Amino acid sequence: MEKTDFHKIFENIKKHPPFVHCMTNYVTINDVANIILAAGGSPVMAEEKEEVEEITAGCDCLMLNIGTLQKRKREAMILAGKKANEMGHPVIFDPVGAGSSRFRTETASRIMDEVKLSVIRGNASEIKVLCHEKIRGKGVDADQKDAVTEGTMEDMISMGRELSEKTGAVVLITGAVDLAVCREQAAAIHNGDPAMARITGSGCMLDGVLGVFAGANPEYLFDAVTAASAAMGICGENAAVLSRGTGSFRMHLMDEMSKINAQQVERGMNIESKK
Amino acid sequence: MEKTDFHKIFENIKKHPPFVHCMTNYVTINDVANIILAAGGSPVMAEEKEEVEEITAGCDCLMLNIGTLQKRKREAMILAGKKANEMGHPVIFDPVGAGSSRFRTETASRIMDEVKLSVIRGNASEIKVLCHEKIRGKGVDADQKDAVTEGTMEDMISMGRELSEKTGAVVLITGAVDLAVCREQAAAIHNGDPAMARITGSGCMLDGVLGVFAGANPEYLFDAVTAASAAMGICGENAAVLSRGTGSFRMHLMDEMSKINAQQVERGMNIESKK
Amino acid sequence: MEKTDFHKIFENIKKHPPFVHCMTNYVTINDVANIILAAGGSPVMAEEKEEVEEITAGCDCLMLNIGTLQKRKREAMILAGKKANEMGHPVIFDPVGAGSSRFRTETASRIMDEVKLSVIRGNASEIKVLCHEKIRGKGVDADQKDAVTEGTMEDMISMGRELSEKTGAVVLITGAVDLAVCREQAAAIHNGDPAMARITGSGCMLDGVLGVFAGANPEYLFDAVTAASAAMGICGENAAVLSRGTGSFRMHLMDEMSKINAQQVERGMNIESKK
């Protein structure tokens, strides 16, 4: 994977604003579309089997998020994923709720088996479930106690690295700290604010931002993921200062993303290289 | 039904923040998720037949709202409802649009027949339709002229009580005044603001708040319902003062819910005991 | 088509607030419902085949938007469209994404064939696709370079007029400038702000506003369309002044629509009559 700096990452978004085909849940679909626009891309939402391959072919990146999943949509996701692979588009995958039902876990497993993924983003519990599915045999349950903390960080990196090695994807484990992990690199992104956990969709919105950053920077996936995570975290920090509750926080978060640039990210980021 | 005070109601939410499994319409699903978080709970959205029973089993409360209903989801709602009954979780039911189509009316009727409900929330017209379905024989149409006013209040309480007796649920009839009714008690909650009727989802959001309050207080359902209605109304009153249109009203409503506590509710509530 | 003035258009909305049955995409369905309320109407969302005819029969106007379209919903749209025709209700049609997949293009084509439309709203690329489908033989692709500019305006009006003559609908081609075209009249509406393109749903929200304006003014469709476009544009201009990013822009846009009146539209509108 090539390396670059954040200025280049942002420059590429500006030069070729990516179209991101999103197949995502209905809870946060509006937030995802809006944050993709705020981050400089264009969202395209389509989920019917009849059209997803054509739609994906006309975009630059595919984002799959299995919240509020339906059976019919799952088939469409696989079709779109295969087409994106064929076209060489990055595929972002969010295994929402993996471990909380067999249907979700099996879906996550099937998508990992049938689609080559570029970025996998989940919380510690979801990533653990994926790891077990892909590597250690089935059957682990989601555990809300799983979290990225100073104490668990080394274990989380090992887990992320295993998943990255098996899938070829950059793995982003999100929580109070975000961990970006690939075969050769790892980084802890210490940006963000607890308010992000008090609105729905912080994670789904990050999926959208990842779609924009990766879609415009397919050759620099690790840096694109790190930059997206830091950008989102910094927007959360700024929004927290301005807001007086969760409703205004959500609005300010969007405002911040619509104004952020490479300079602000470089100034505000708190990224620690890991092994 | 046990009695308690509002401090205890709020304390229980804080002590055991409930997971609320929502099967709700796509118009306001984001608002519902956000207000559940604002009120101190965690929303879980899942609607595919394959997973709803497992998801419900892992939560503390189930909320069923039949807006933008689809046939497949209706079957999933029944499955989830039965599982929630089996687990002893409170079930909140919102018969959105009952009376406006045979499909909605029949769905509401079937849910009442097959699922034991803990709280039924609807406007006067919807509750009237439910009453006829359950008690007086089919066939009444929704009537937008139905409303809770000083003049109709006694009739509405009788209607709510009949429905409560047949179903075992606490019935909350919402409008300019909200009426909470069960077999032994009734209360008129005079909080709220007309601005709440000028945004979509005030009712659906209240369903979510009811999920949080009832989910954490299954043994005090009547008080939980009254507290939720008062809390929502007070948030509406505060938001109305701060807003300059319906967009900012919606944001402030969410802000207010994310900050409200038992003291504010006790200070601001305007609840009249009824027979 | 009768002519009137904007005061009459707004007066009719106030006198008989229309119920608008919306069958629309899940990305912006909440924004659409909220802006319909802000504009003085009542949104009704229903999409299951079993109920759409009854629901449409109880409303004043039908709005069809084919974003995030599913096969089952497409059939329901045709049923609802035919019922609306039977009742004499205006039907607003938004061919979102026509040209970007065969499924969307064929759906748009089928709706035009089977439902008598009152208003068709799309961007230049979508309207061009519809024109080819209806008039010049199939096969044109969406072209993001299509746009209403001073240079293309005459061609766009010809295109809109052809589509209007074939379908009987008022055609509204939206972009930096909006063009309203029917058989006898045409107008360029120069209101609006570039910020509207940086949020999702500006177009879908305009569909909802068109539903309110046309639903209350079925005999003055051209003026209703022009007024709706001008009102939306003016709200966008005012919101742009007040906002500090795309999140607050969206909120202010809703606030503005909830307060706008005929006087403000007449003062702020920038409408140029065309041949």
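Residues numbered from 1 in each chain as written. Chains lettered and ligands numbered in written order. Predicted model: local features only at pLDDT ≥ 70, side-chain atom pairs only at ≥ 80, totals over all residues. Heavy atoms only, no water.

For chain A, an unreviewed UniProt entry supplies the name Hydroxyethylthiazole kinase and the organism Candidatus Anaerostipes avistercoris. The UniProt entry for chain A carries the following comment under Cofactor (unreviewed entry): "Mg(2+)". (UniProt positions renumbered as here; feature names shortened; annotations may be inferred.)

Caption draft 1: Spotlight on the overall build of chain A. Looking only at helices and strands, one finds 11 helices and nine strands in chain A. Relative to the compact-globule value of 19 Å for 275 residues, chain A shows a C-alpha radius of gyration of 17 Å, a close match. With respect to the principal axes defined by its C-alpha atoms, chain A has extents near 45 × 40 × 40 Å. A sequence separation of at least 24 residues applies to 73% of the contacts in chain A between residues at least 6 apart. (Helix = DSSP H or I, 4+ residues; strand = E, 2+ residues; numbered from the N terminus. Rg over C-alpha atoms; globule rule 2.2 N^0.38 Å. Contact = heavy atoms within 4.5 Å.)

Caption draft 2: The pattern of salt bridges, seen in detail. Residue and element names in this part refer to chain C. Per the counting criterion, the structure on display carries 56 salt bridges over all chains. Notably, a salt bridge pairs Arg72 with Glu50, separated by 3.4 Å at the nearest N-O pair. Here the residue Arg72 occupies a position in helix H4 (residues 71-87), and Glu50 occupies one in helix H3 (residues 49-57), the gap between them amounting to 22 residues. On the basis of relative accessibility, which here comes to 42%, the residue Arg72 falls in the partly exposed class. (Salt bridge = Lys/Arg side-chain N within 4 Å of Asp/Glu carboxyl O. Buried < 20%, exposed > 50% of the residue type's maximum accessible area, 1.4 Å probe, protein only.)

Caption draft 3: Local environment of the sheet that holds strand E2 (residues 42-45) of chain C. Residues and elements named next belong to chain C. With mixed pairing, nine strands are arranged side by side in an open sheet as E2-E1-E3-E4-E5-E6-E7-E8-E9. In this open sheet, the two strands that pair with only one neighbour each are E2 and strand E9 (271-274). Strand-to-strand twist of the sheet, defined as the mean angle between neighbouring strand axes without regard to direction, takes the value 20°. Pairing analysis gives four bridges linking strand E8 (residues 186-189) to E9, with the strands arranged antiparallel. Across the sheet, Ala186 pairs through a bridge with Lys274, a residue of E9. Seen against the sheet, helix H7 (residues 153-167) touches strand E5 (119-123), strand E6 (170-174), strand E7 (178-181), E8 and E9 and runs at an angle of roughly 40° to E7. (Pairing = 2+ DSSP bridges. Axes fitted to C-alpha atoms, helices over the stretch in contact; angles between N-to-C directions.)

Caption draft 4: Summary view of the packing of aromatic side chains. In total, this model carries six aromatic pairs over all chains according to the counting rule given. Clustering of aromatic rings is evident, with ring pairs tying together Tyr26(A), Tyr26(B) and Tyr26(C). (Phe/Tyr/Trp six-rings, centres within 6.5 Å; stacked < 30°, edge-to-face > 60°.)

Caption draft 5: Representation of the relation of the copies chain A and chain B in the model. Mapping chain A onto chain B calls for a screw motion: a turn of 120° about the axis and a shift of 0.0 Å along it, with 0.0 Å RMSD after fitting. A rotation of that kind, with that shift, is consistent with a three-fold axis. Using C-alpha coordinates, one finds that chain A approaches the rotation axis most closely at Tyr26(A), a distance of 3.8 Å. In this assembly the copies use different faces: only 17% of the residues contributing to the interface of chain A also contribute to that of chain B. (Least-squares fit on C-alpha atoms with pLDDT ≥ 70 in both.)

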